[in-house]
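Each chain is listed here by its residues.
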Amino acid sequence: SGIASSKLTGALPAIDGSALTGVGKVLQVVSNTNNSYVATNSTSYVDTGLSLSITPSSTSSKILIMMSVELGADGADGGAANAQLTHGASGSETGLITILPTRDMTGLAAIGMGTANYLHSANTTSSVLYKVRFKTNQTGTSSRFNYPSGTGSTSSIVLMEIGA
């Protein structure tokens, strides 16, 4: 009926996962952070400077993308800001998801953190570029990335290749 805990002594050997196969094995992880302040009045998406590339080892791999972005809005009624995750070459990016702040952006100089996870089927073994872009949703207001500037606001992106 089991082994007495007094009989278990010493250190257990390290587990080597290199021979594991099948679905769900993490093959590689890359990350990037950005603390540059960017402001826009554009109602079309503009670059934030937060981007990251990964080269999948197999066309069947999935890329798990985890993001956290600091968004701000300014104006008499606050306006609204949102971000978008894209992939593809500059100028021909494809939008994957929209990232919304976790709080209401109403009010002067509103700040909100937007977080999102996304599982992407890249279907390639070539390098894939992921970018975070943002815009204002209300004409005449300013939206900000990593706002307020100079206060240590940092946005981040993590890419994990998952064997499928």
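Our subject is the structure listed above.
Residues numbered from 1 in each chain as written. Predicted model: local features only at pLDDT ≥ 70, side-chain atom pairs only at ≥ 80, totals over all residues. Heavy atoms only, no water.

A. How the structure looks around the pairing of strand β10 (residues 155-162). Burial analysis of β10 places six of its eight residues in the buried class, which makes it a mostly covered element. Here strand β1 (residues 26-34) runs beside β10; their pairing, made up of eight bridges, is antiparallel. From the neighbouring strand, Asn34 faces β10, where its bridge partner is Ser155. (Buried < 20%, exposed > 50% of the residue type's maximum accessible area, 1.4 Å probe, protein only. Helix = DSSP H or I, 4+ residues; strand = E, 2+ residues; numbered from the N terminus. Pairing = 2+ DSSP bridges.)

B. Region of interest: unusual backbone geometry. Positive phi, close to 55°, is recorded for Asn123, a residue that is not glycine. Mapped onto the elements, Asn123 comes out in the loop between β7 (110-120) and β8 (128-136). Taking relative accessible area as the criterion, Asn123 reaches 56% and is therefore assigned exposed.

C. Representation of the environment of Ala39 in the model. Here Ala39 lies in strand β2 (residues 38-40). Expressed as a C-alpha distance, the spacing of Ala39 and Leu71, which sit 32 residues apart in the sequence, is 9.8 Å. Those residues in contact with Ala39 that lie beyond four places of it in its chain are Phe134, Ser142, Ser143 and Arg144. (Contact = heavy atoms within 4.5 Å.)

D. Region of the structure containing the pattern of salt bridges. Counted by the stated rule, this structure contains four salt bridges. Note that Arg133 is salt-bridged to Glu93, the shortest N-O span being 3.2 Å. Of the two residues, Arg133 sits in strand β8 while Glu93 sits in the loop between β5 (81-87) and β6 (94-99), which places them 40 residues apart along the sequence. What makes Arg133 buried here is its relative accessible area of 15%. The network of salt bridges with shared partners includes Asp47, Glu93, Lys131 and Arg133. (Salt bridge = Lys/Arg side-chain N within 4 Å of Asp/Glu carboxyl O.)

E. Region of interest: the sheet that holds strand β3 (residues 46-54). In spatial order, the strands read β3-β8-β5-β6; together these four strands make up an open sheet with antiparallel pairing. Pairing within the sheet leaves two strands with one partner each, and these edge strands are β3 and β6. Neighbour to neighbour, the strand axes of the sheet diverge by 25° on average, direction disregarded. Relative to β8, β5 runs antiparallel, the two sharing seven bridges. Within the sheet, the bridge partner assigned to Ala83 lies in β8 and is Phe134. (Axes fitted to C-alpha atoms, helices over the stretch in contact; angles between N-to-C directions.)

These results come straight from atomic positions and should not be treated as a statement about function.
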